[in-house]
Amino acid sequence: MSGLKLAMAAVAVLGLTACSSNPWNDDLNGGGAGAGGAGAGAGALDPASPAYFQQTVGDRVLFAIDQSTLSPAAQATLQGQSQWLARNADYVVTIEGHADEQGTREYNLGLGAKRANAAREYLMSQGVAGSRIKVVSFGKERPLEICSDEVCYSKNRRAVTVLAGGLTG
Amino acid sequence: MRKILAALLIGASALAGVGAVAAQTGPLRIEIDQGVIEPLPYAVPDFVPETPSAAEHAAQIARVVAADLSGTGLFREVPASAHISKVTGFDNPVKYADWKAVNAQALITGAVSVTGNRLTVRFRGYDVFAEKELESALQFSGTTGGWRRMAHKVADAIYSEITGESGYFDSRVVYVSESGPKNDRRKRLAIMDYDGANVQYLTNSAALVLAPRFSPTGDRVLYTSYESGFPQIHVLDVGQVQRKILSSGDGIMSFAPRFAPDGRTVVYSQTQGGNTDLFSMDIGTGAKTRLTSAPSIETAPSFSPDGSQVVFESDRSGSQQLYVMPASGGEARRISFGQGRYGTPVWSPRGDMIAFTKQNKGRFHIGVMRTDGSEERLLTASFLDEGPTWAPNGRVIMFTRESQGSTGRALLYSVDITGRNLKPVRTPDGASDPAWSPLQR
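This structure is a prediction, so every number in the text was calculated from the model and none was measured.

Here's the deal with the overall build of chain B
Point 1. For chain B, the helix and strand inventory stands at four helices and 33 strands.
Point 2. What you see for chain B is a C-alpha radius of gyration of 23 Å, in line with the 22 Å of a compact globule of 441 residues.
Point 3. Its C-alpha atoms give chain B principal-axis dimensions of about 75 × 50 × 45 Å.
Point 4. Within the span of chain B, comprising 441 residues, buried residues form 59% of the whole.
Point 5. In chain B, the share of contacts with a sequence separation of at least 24, taken over all contacts with a separation of at least 6, comes to 45%.

Section: the pairing of strand β33 (residues 430–436) of chain B
All names here are of chain B.
Point 1. Across the seven residues that make up β33, a large majority, seven, are buried.
Point 2. Sheet analysis places strand β10 (residues 172–179) next to β33, joined by five bridges and oriented antiparallel. Paired with Ser 177 across the strands is Ala 431, a residue of β33.

Observations concerning the pattern of salt bridges
Point 1. On inspection of all chains with the given rule, the structure shows 33 salt bridges over all chains.
Point 2. Residue Asp 170 of chain B is joined to Arg 149 of chain B by a salt bridge in which the shortest nitrogen-to-oxygen separation is 3.0 Å. On the criterion of sequence distance, the pair formed by Asp 170 of chain B in the loop between α4 (147–163) and β10 and Arg 149 of chain B in helix α4 is long-range, its members being 21 residues apart.
Point 3. Accessibility expressed as a relative area gives 1% for Asp 170 of chain B, which makes it buried.
Point 4. Glu 376 of chain B is paired through a salt bridge with Lys 358 of chain B; the nearest N and O atoms lie 2.9 Å apart. Here Lys 358 of chain B lies in strand β26 (residues 353–360) and Glu 376 of chain B lies in the loop between β27 (363–370) and β28 (377–378), a separation of 18 residues in the sequence.
Point 5. Salt bridges here are not isolated pairs; linked through shared partners, they connect Arg 105 and Glu 141 of chain A together with Glu 178, Arg 185, Lys 187, Glu 402 and Asp 433 of chain B.

A few points about the state of the cysteines
All names here are of chain A.
Point 1. Scanning the entire structure with this criterion turns up one disulfide over all chains.
Point 2. Through a disulfide, Cys 147 is tied to Cys 152; the S-S separation comes to 1.9 Å. Since a negative S-S torsion denotes a left-handed disulfide, the Cys 147-Cys 152 link at about 120° is right-handed.

Here we look at the sheet that holds strand β18 (residues 265–272) of chain B
Point 1. Strand order in this open sheet of four strands is β17-β18-β19-β20 (chain B), and the pairing throughout is antiparallel. The sheet is open, and its two edges are formed by β17 (253–259) and β20 (288–290) of chain B, each paired on a single side. Along the sheet, successive strands turn relative to each other by an average axial angle of 30°, direction set aside.
Point 2. As paired elements, β17 of chain B and β18 of chain B share five bridges and run antiparallel to each other. Across the sheet, Phe 259 of chain B pairs through a bridge with Val 266 of chain B, a residue of β18 of chain B.
Point 3. Along the sheet, helix α4 (residues 105–125) of chain A contacts β17, β18 and β19 (275–282) of chain B; its crossing angle with β17 of chain B, the most-contacted strand, is approximately 160°.

A few points about the environment of Ala 119 of chain A
Residue and element names in this part refer to chain A.
Point 1. Relative to the assigned elements, Ala 119 resides in helix α4.
Point 2. Its relative accessible area of 1% is what places Ala 119 among the buried residues.
Point 3. Expressed as a C-alpha distance, the spacing of Ala 119 and Val 61, which sit 58 residues apart in the sequence, is 8.1 Å.
Point 4. Every residue in contact with Ala 119, bar those within four places of it in the chain, is listed here: Leu 78, Ile 95 and Ala 159.

Some details on the interface of chain B and chain A
Point 1. The interface of chain B with chain A comprises 40 residues on the first partner and 30 residues on the second.
Point 2. In total, about 3100 Å² of surface goes out of reach between chain B and chain A, with carbon and sulfur atoms giving 56% of it.
Point 3. If you look at where chain B meets chain A, you find six salt bridges.
Point 4. When the shortest N-O distance is used, the salt bridge between Glu 101 of chain A and Lys 182 of chain B registers 3.0 Å.
Point 5. Linking chain B with chain A are 14 residue pairs in polar contact (both at pLDDT 80 or more), by the criterion used here.
Point 6. Those elements that place two or more of their residues in the side of chain B that touches chain A are β13 (209–214), β17, β21 (298–303), β25 (341–347), β26 and β33 of chain B.
Point 7. Here the element with the most residues in the side of chain B that touches chain A is β17 of chain B; it accounts for four residues.
Point 8. Class assignment for the residues of the side of chain B that touches chain A results in 15 nonpolar, 16 polar and nine charged.

Here we look at the environment of Gln 270 of chain B
All names here are of chain B.
Point 1. If you trace the backbone, Gln 270 turns up in strand β18.
Point 2. Owing to a relative accessible area of 3%, Gln 270 belongs among the buried residues under this scheme.
Point 3. Along the chain, Gln 270 and Leu 291 lie 21 residues apart, while their C-alpha atoms are 11 Å from each other.
Point 4. Setting aside residues no more than four positions away along its own chain, Gln 270 makes contact with Ser 248, Ile 252, Met 253, Ser 254, Asn 275, Thr 276, Asp 277, Phe 279 and Lys 288.
Point 5. There is a polar contact of 3.4 Å between the side chain of Gln 270 and the side chain of Gln 272.
Point 6. In terms of polar contacts, Gln 270 uses its side chain to reach the side chain of Lys 288, at 3.3 Å.

Brief notes about the side chain of Ser 432 of chain B
Point 1. Its location among the elements puts Ser 432 of chain B in strand β33.
Point 2. For Ser 432 of chain B, a relative accessible area of 0% translates into the label buried.
Point 3. Looking at Ser 432 of chain B, its side chain comes within polar contact range of the side chain of Glu 178 of chain B, at 2.5 Å.
Point 4. When sequence neighbours within four positions are dropped, the list of residues in contact with Ser 432 of chain B reads Arg 105 of chain A together with Tyr 175, Val 176, Glu 178, Lys 187, Thr 400, Ala 410 and Leu 412 of chain B.

Let's talk about the packing of helix α2 (residues 50–58) of chain A against helix α3 (residues 72–87) of chain A
All names here are of chain A.
Point 1. Remark: α2 packs on α3, axes separated minimally by 10 Å, with the N-to-C direction vectors making an angle of 155°. By the angle between their directions, the pair α2 and α3 is classed as roughly antiparallel. In this structure, α2 meets α3 at a crossing whose hand is right-handed. Contacts between α2 and α3 involve Pro 50, Tyr 52, Phe 53, Val 57 and Gly 58 from the first element and Thr 77, Gly 80, Gln 81 and Trp 84 from the second.

Examining unusual backbone geometry
Residues and elements named next belong to chain B.
Point 1. One non-glycine residue, Ala 211, adopts positive backbone phi at about 45°.
Point 2. Its place among the elements puts Ala 211 in strand β13.
Point 3. Here the phi dihedral of Thr 344 falls at roughly 45°; this positive angle occurs in a residue that is not glycine.
Point 4. Tracing the sequence through the fold places Thr 344 in strand β25.

Thoughts on α4 of chain B
Residues and elements named next belong to chain B.
Point 1. Taking 1.5 Å as the rise per residue, α4 with 17 residues should run 24 Å; its terminal C-alpha atoms sit 24 Å apart, in good agreement.
Point 2. Of all 17 residues making up α4, 13 are buried, and the element is well covered by its neighbours.
Point 3. Where α4 ends, the next residue or the one after it, Gly 164, has phi of about 80°, a positive value.

Rules used in this analysis
- Residues numbered from 1 in each chain as written.
- Chains lettered and ligands numbered in written order.
- Predicted model: local features only at pLDDT ≥ 70, side-chain atom pairs only at ≥ 80, totals over all residues.
- Heavy atoms only, no water.
- Helix = DSSP H or I, 4+ residues; strand = E, 2+ residues; numbered from the N terminus.
- Rg over C-alpha atoms; globule rule 2.2 N^0.38 Å.
- Buried < 20%, exposed > 50% of the residue type's maximum accessible area, 1.4 Å probe, protein only.
- Contact = heavy atoms within 4.5 Å.
- Pairing = 2+ DSSP bridges.
- Salt bridge = Lys/Arg side-chain N within 4 Å of Asp/Glu carboxyl O.
- Disulfide = S-S within 2.5 Å.
- Axes fitted to C-alpha atoms, helices over the stretch in contact; angles between N-to-C directions.
- Buried area = accessible area lost by both parts, 1.4 Å probe.
- Polar contact = N/O pair within 3.5 Å; in protein donor to acceptor, adjacent residues only side chain to side chain.
- Nonpolar A, V, L, I, M, F, W, Y, C, P; charged D, E, K, R; others polar.
- Parallel < 35°, antiparallel > 145°, perpendicular 65-115°, else oblique.
- Left-handed = near helix turned anticlockwise from the far one by under 90°.
- Expected span 1.5 Å × (residues − 1).

Keep in mind these numbers describe shape, not what the thing actually does.
This is how it looks when you write it as structure tokens:
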């Protein structure tokens, strides 16, 4: 029950985001909502909705320490993203690359950019037009999880595909 | 005073941490022991107010002089409660015996007058045991609002005469002021005196800002801002608080900007296709030149003071290391070869050393090395130390120290280049990415 409530709250929040008049909708908060993977209540989501993209398709991929190569799991998530983007051609995306706090600030900006770009190139290899994909790095500036151990770090080393535009939002 | 000078020079130049000084009671005696410096005892009684409205400033200025000198760790104040003599007139003869009795080896006296909005400070330094006046007697004038700067100038003159080094107290620091929890951190640019006084905010916290740097004359600040949603280089006129964006093109990230010593050229990182390289840009014309072309991350550049070379970090070898190349680009020479990763190199204003951040075995260090990579020495160790900046005299380093965990917070610290005198720098909120200005004029 509470899981369903959460999912509905997420739909409401994301609906606002998708209504933005700025087609790129540069979201400085780095896509704080959205858990990735199927959650309780996901079956109720409209498959064309941003919430479905975030929760069912999965809007993020994770990386190993100081790496920007895509794991098989990451590639599978990005395949799902590319299929969703093929079905929902109104959307453009910004891929936000992030690093954990174990690194100097400017290096982590470069590392986050490599991660975001790795995701972009994979989407392009799956047929998504490069003109639909912007990348930006936040380095270690926008952690999702705030503990200082690997449990948190592994979730912070991420590339998040943030949707913008879209006529159906 | 020549003996004091010699003693402190040995201390200050003890880069390898071998030399040190102990100054003792009685006639000056110098002992070198195991890297522990005995600070030089001095007295700075309240300055003498020479006009009725100068009393408050006369006391405040002496306190700031004392904070500056004692804050170096090279000097130790003999507190007023121990003073035997009271200095009631600036030109009265100094009662050396009274200062010897409390073992004040140096004495600083001063006088302050205020006329309207104008404040004048006169001061003298004395070598108590030699019963001689120092040569630094000077006077400074300015508006009453600038009293702290005048105090810093007095302290710089005394420090300079006794150590033989140029001073650094009359300087400012630009940094990033931080508030809010780790997963919702708000950042804004701030500028303050080197000791944390007179904080002013230069931006609001609507947009993420990172890593500011002063121009060679201290009149402008370069930094990275996410105001557009993408990291771009901004240059801000400190006096006017006017801003300009140095664009590197639509959708291209640019960050890590640093001024060349000429004040007209900027070296920075630009990211295209996920690859980060170094470029230079003429601020006036916007003309860009590529300096590196490697598939690795090249960032954190810093000019040599003569402008001929740039030190930077690159992970082209597989991990972050330091490299030096000509300022116009070309072949780069690796200079870091120790264990771990090296980043954020900053060339000393004296030209003789490079400060850096080192990561090794899960710890972060601030360190210094010669410009050829030799004589590496780590000055600090913690969960997360990063981003050194040099005091204008190349003797002290300020940096960011972040504590770990969900309540982790960034604060500024300073340490001298012998690794002594590690201490926090007072700021109203969290603080990161300090950059020290040149000495003010």
